[in-house]
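Secondary and tertiary structure notes
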Amino acid sequence: MTLSHSPTFLPFQNDWHPADIIAALRKKGTSLAALSRQSGLSSSTLANALSRPWAKGEMLISKAIGVPAEDIWPSRYFDPNTRKPITRPMRMRPKKIAESKRGEGCGNHS
């Protein structure tokens, strides 16, 4: 089976079909569920990226396939009218407070 997706994928082309993404993962020897678990997520979490924009999930899938996320989902990365790139920053969790600082200021004085 030959995919119609090439490195010269143009931004105004359609997004990959979810079955093509799953097939590309299979060709790399993994699955959506396995990649999800390997990334520390629930086995079904990465499936969300197939149906709705989620920058982190798209990045994990694109790295596993070896194809840039903007080539897989051009509609999520390019404005359909201007065909210019859309900025989609990935949200980051705030860093956890160090264990040594947790006890400070809570009345535990020795």
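Here the structure is shown first, and the text comes after it.
Parameters at a glance
- Residues numbered from 1 in each chain as written.
- Predicted model: local features only at pLDDT ≥ 70, side-chain atom pairs only at ≥ 80, totals over all residues.
- Heavy atoms only, no water.
- Core = buried A, V, L, I, M, F, W, Y, C linked by side-chain atoms within 4.5 Å.
- Buried < 20%, exposed > 50% of the residue type's maximum accessible area, 1.4 Å probe, protein only.
- Helix = DSSP H or I, 4+ residues; strand = E, 2+ residues; numbered from the N terminus.
- Contact = heavy atoms within 4.5 Å.
- Salt bridge = Lys/Arg side-chain N within 4 Å of Asp/Glu carboxyl O.
- Axes fitted to C-alpha atoms, helices over the stretch in contact; angles between N-to-C directions.
- Parallel < 35°, antiparallel > 145°, perpendicular 65-115°, else oblique.
- Left-handed = near helix turned anticlockwise from the far one by under 90°.
- Nonpolar A, V, L, I, M, F, W, Y, C, P; charged D, E, K, R; others polar.

Section: the nonpolar core
The tendency in soluble globular proteins is for nonpolar side chains to be buried as a group. Ranked by size, the top nonpolar core spans 18 residues in total, and within it Ile 21, Leu 46, Ile 61, Ile 65 and Trp 73 carry the most contacts. Elements supplying a minimum of two residues to this core: helix 1 (18-27), helix 2 (32-38), helix 3 (48-51), helix 4 (55-65) and helix 5 (69-72). Aside from chain neighbours lying at most four places away, what touches Ile 65 is Trp 16, Ile 21, Ala 24, Leu 25, Lys 28 and Ile 72.

Description of the side chain of Ser 36
Structurally, Ser 36 can be placed in helix 2. When its relative accessible area of 0% is taken as the criterion, Ser 36 is described as buried.

Re the pattern of salt bridges
A full pass over the atoms with the stated rule returns one salt bridge. Here Arg 76 ties to Glu 58 by a salt bridge, and the two come within 2.7 Å at their closest N and O atoms. Placement of Arg 76 in helix 6 (residues 74-77) and of Glu 58 in helix 4 is noted, with a sequence separation of 18 residues between them. One exposure class covers both Arg 76 and Glu 58, and it is buried.

Structural notes on the packing of helix 1 against helix 4
Running from N to C, helix 1 and helix 4 cross one another at 50 degrees; their axes reach a closest spacing of 9 Å. Overall, the two elements helix 1 and helix 4 adopt an arrangement that is oblique. You can see that helix 1 and helix 4 cross each other, and the crossing is left-handed. Contact with helix 1, carried on its side by Ile 21, Ala 24 and Leu 25, involves Ile 61, Ala 64 and Ile 65 of helix 4 and no other residues of that element. Split into classes, the residues belonging to the contact of helix 1 with helix 4 amount to six nonpolar, no polar and no charged.

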